[in-house]
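Results of the structural survey
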Amino acid sequence: MKNRVLEIKKLTKYYGNVLAVKNLSLSLNQGEVFGFIGPNGAGKSTTIRCIMNLINKNDGEILINGTAFDKDNISLKKLIGYLPSEIHLYDDLTVKEMLDYHESFYSEQLCERRKMLVKRLKIDETKKIEDLSYGNKKKLGIVLAFMHEPDLLILDEPTSGLDPIMQNVFFELIKEEKEKGTTIFYSTHILSEIAKICDRVGIIKDGKLLNVETIEELQNKNLITVTIETKQIDEIIKRLEVEVISRNNNQITFKNNSDINKLIKVLSDFSIDTLLINEPTLEEVLLHYYK
Ligand code: ADP
Ligand code: MG
C-alpha cells in the first residue's frame, strides 16, 4: 500500500459564527495529484490554511506521513511546498533577497533548481517585491513553493494571475513534479485545469466535501444525452427508460438510462429527422455537482 502523505481527519472550522469547513476528511496517497475543487467561498483556502497551521481549527487533525502536523514541527514543514492564493511577502526586499532568504532555511544546495525556476518563469530578480504585479508575485510564489523539491505541494488557485504562456510553463512544472512522484494537493475553481493534471478530485461546496472520485470514474459516468427530432416522440419514450431534460415541439433531449443497443433498436423502428448523441465534457460532469 502506498504511503498516505497527507491526511485530513474530521476538520471543522468556524470564523465566529460562520461555518467555513465542516467535518472534512480526506487523504492523499504518495505521488497522486488531487484536485480540490469548488466554487468561490466553498472552503478550499480555509482547509488549506488549516493544513498549514496558519489558522486555528475548531476540530480535527492533520497528519503528514502519519505524524500529527503542528506549527512547531519544522522537519515536516520542510517536506511541504505551499503556494497561497494571495501572496504576502516582505515588500521591502528585492526578489533576489527574498529567494536568498528562503534558500537560507535549507541546508541543501538549491541554487541550480532556483536558477532553473527563475529562468523558466521569466522572473526579474532585481525588482522590489512591492513593485511586482499580482501575476509576477504569483510566479515568485511558485519558485518559493517548488525550490526545495518538497514531497508535498499544496497549491491554492495556483494559476490565478498567470498569463496563458506562464500557465503552460506552470503545467509543465507540475507534470515534471508528478513524474518525480511528488504528491500534489491542487485547489482550484477552474474546472478545465482538473482534467489536465489530476488523478482524483474532491468536490467541496458550502464547507462540505461532496464527493471524491477518480477522473476515470467521473468520465465513465453514463451521462450521455440524446437529442432527437421526430414526430413520434411519445411513442419512442414510452419504450425507453429516459430522463427528459428538455422538450420542445418535435425535439426532445433526454438522458438515456436504457442499454445503448436497446436505444438503437427502438429508434430504428421510427422515422427520425435528426439524432445527436452528446457525451459531456468533464467540466459538464463536474458542473453537475456544483449546482
Ligand atoms: P474558497 O477558498 O473555497 O473560495 P474560503 O475558504 O476562502 O473559500 O471561504 C470559506 C467561507 O469562509 C466563505 O463563506 C468565506 O466568506 C468565509 N471566510 C473566509 N475567510 C474568512 C475570514 N477571515 N473571516 C470570516 N469569514 C471568512
Ligand atoms: Mg480560496
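Everything discussed here concerns the structure shown above.
Residues numbered from 1 in each chain as written. Chains lettered and ligands numbered in written order. Predicted model: local features only at pLDDT ≥ 70, side-chain atom pairs only at ≥ 80, totals over all residues. Heavy atoms only, no water.

1. Thoughts on a nonpolar patch on the surface
On the surface, I260, I264, L275 and I277 cluster together to form a nonpolar patch covering roughly 360 Å² of accessible area. Residue assignment for the nonpolar patch shows that the elements contributing at least two residues are α10 (260-268) and β14 (272-278). The residue L275 is located in strand β14 in this model. On the basis of relative accessible area, L275 is assigned to the partly exposed category, the value being 47%. (Patch = residues over 30% accessible without salt bridge, like charges linked within 9 Å, V, L, I, M, F, W, Y side chains within 5 Å. Areas by Shrake-Rupley, 256 points an atom, 1.4 Å probe, with all protein chains shown as cover. Salt bridge = Lys/Arg side-chain N within 4 Å of Asp/Glu carboxyl O. Helix = DSSP H or I, 4+ residues; strand = E, 2+ residues; numbered from the N terminus. Buried < 20%, exposed > 50% of the residue type's maximum accessible area, 1.4 Å probe, protein only.)

2. Brief notes about α10
Every buried residue of α10 is accounted for by L263, V266 and L267. Looking straight down α10, one finds its buried side chains confined to an arc of 95°; they lie on one side. Facing away from the buried side of α10 by over 90 degrees, the exposed positions are I264, K265 and S268. Here the buried face of α10 lies against β11 (225-230), α9 (233-238), β13 (251-256) and β14. (Arc of directions from axis to C-beta. Contact = heavy atoms within 4.5 Å.)

3. Description of the pattern of salt bridges
Summed over all chains, the structure comprises 19 salt bridges. Among the ionic pairs, R114 bridges to E103, the shortest N-O distance being 2.7 Å. Of the two residues, R114 is situated in helix α4 (residues 111-120) and E103 in helix α3 (residues 95-103); the sequence distance between them amounts to 11 residues. The buried category is assigned to R114, whose relative accessible area is 8%. Under the relative-accessibility criterion, E103 is labelled buried at 17%. Measuring nitrogen to oxygen at the nearest pair gives 3.2 Å for the salt bridge that ties D199 to K178.

4. Focus: the environment of K57
Structurally, the position occupied by K57 is in the loop between α1 (44-51) and β4 (59-64). Since its relative accessible area comes to 27%, K57 is described here as partly exposed. Taking the C-alpha atoms as reference points, K57 and T12, separated by 45 residues in sequence, lie 6.3 Å from one another. Among residues more than four places away in sequence, those in contact with K57 are L11, T12, K13, C50 and I62.

5. A look at the pairing of strand β7 (residues 152-156)
Where burial is concerned, most of β7 is hidden: 5 out of the 5 residues are buried. Alternating residues of β7 divide into L152, I154 and D156 and L153 and L155, and every residue in both groups is buried. Strand direction decides the pairing type here: strand β6 (residues 80-83) and β7, joined by 4 bridges, are parallel. Its bridge partner lying in β7, L83 is registered against L155. Alignment of β7 against strand β8 (residues 183-188), held across 5 bridges, turns out to be parallel. Across the sheet, the residue bridging to L153 is I184, located in β8. Each parallel crossover has a hand, and for β7 linked through helix α6 (residues 164-180) to β8 it is right-handed. (Pairing = 2+ DSSP bridges. Right-handed = clockwise from strand over helix to strand, strands pointing away.)

6. Focus: unusual backbone geometry
The phi torsion at N65 lies on the positive side, around 45°, for a residue other than glycine. Mapping N65 onto the fold places it in the loop between β4 and β5 (67-68). Backbone geometry places E157, a non-glycine residue, at a positive phi of 50°.

7. Looking at the nonpolar core
By size, the foremost hydrophobic cluster in this structure holds 47 residues, and its most contacted members are L140, F146, L155, F170 and L286. Residues within four places of F170 in sequence aside, it is in contact with I142, F146, L155, P158, T159, L162 and Y186. Listed in part, the 25 residues of the second largest apolar core include F34, F36, I48 and Y82. (Core = buried A, V, L, I, M, F, W, Y, C linked by side-chain atoms within 4.5 Å.)

8. Quick look at α3
Those residues of α3 that sit buried are V95, M98, L99, H102 and E103. Buried residues of α3, seen end-on, are gathered within an arc of 135° and therefore sit on one face of the element. Packed against the buried residues of α3 are α4 and α5 (134-146).

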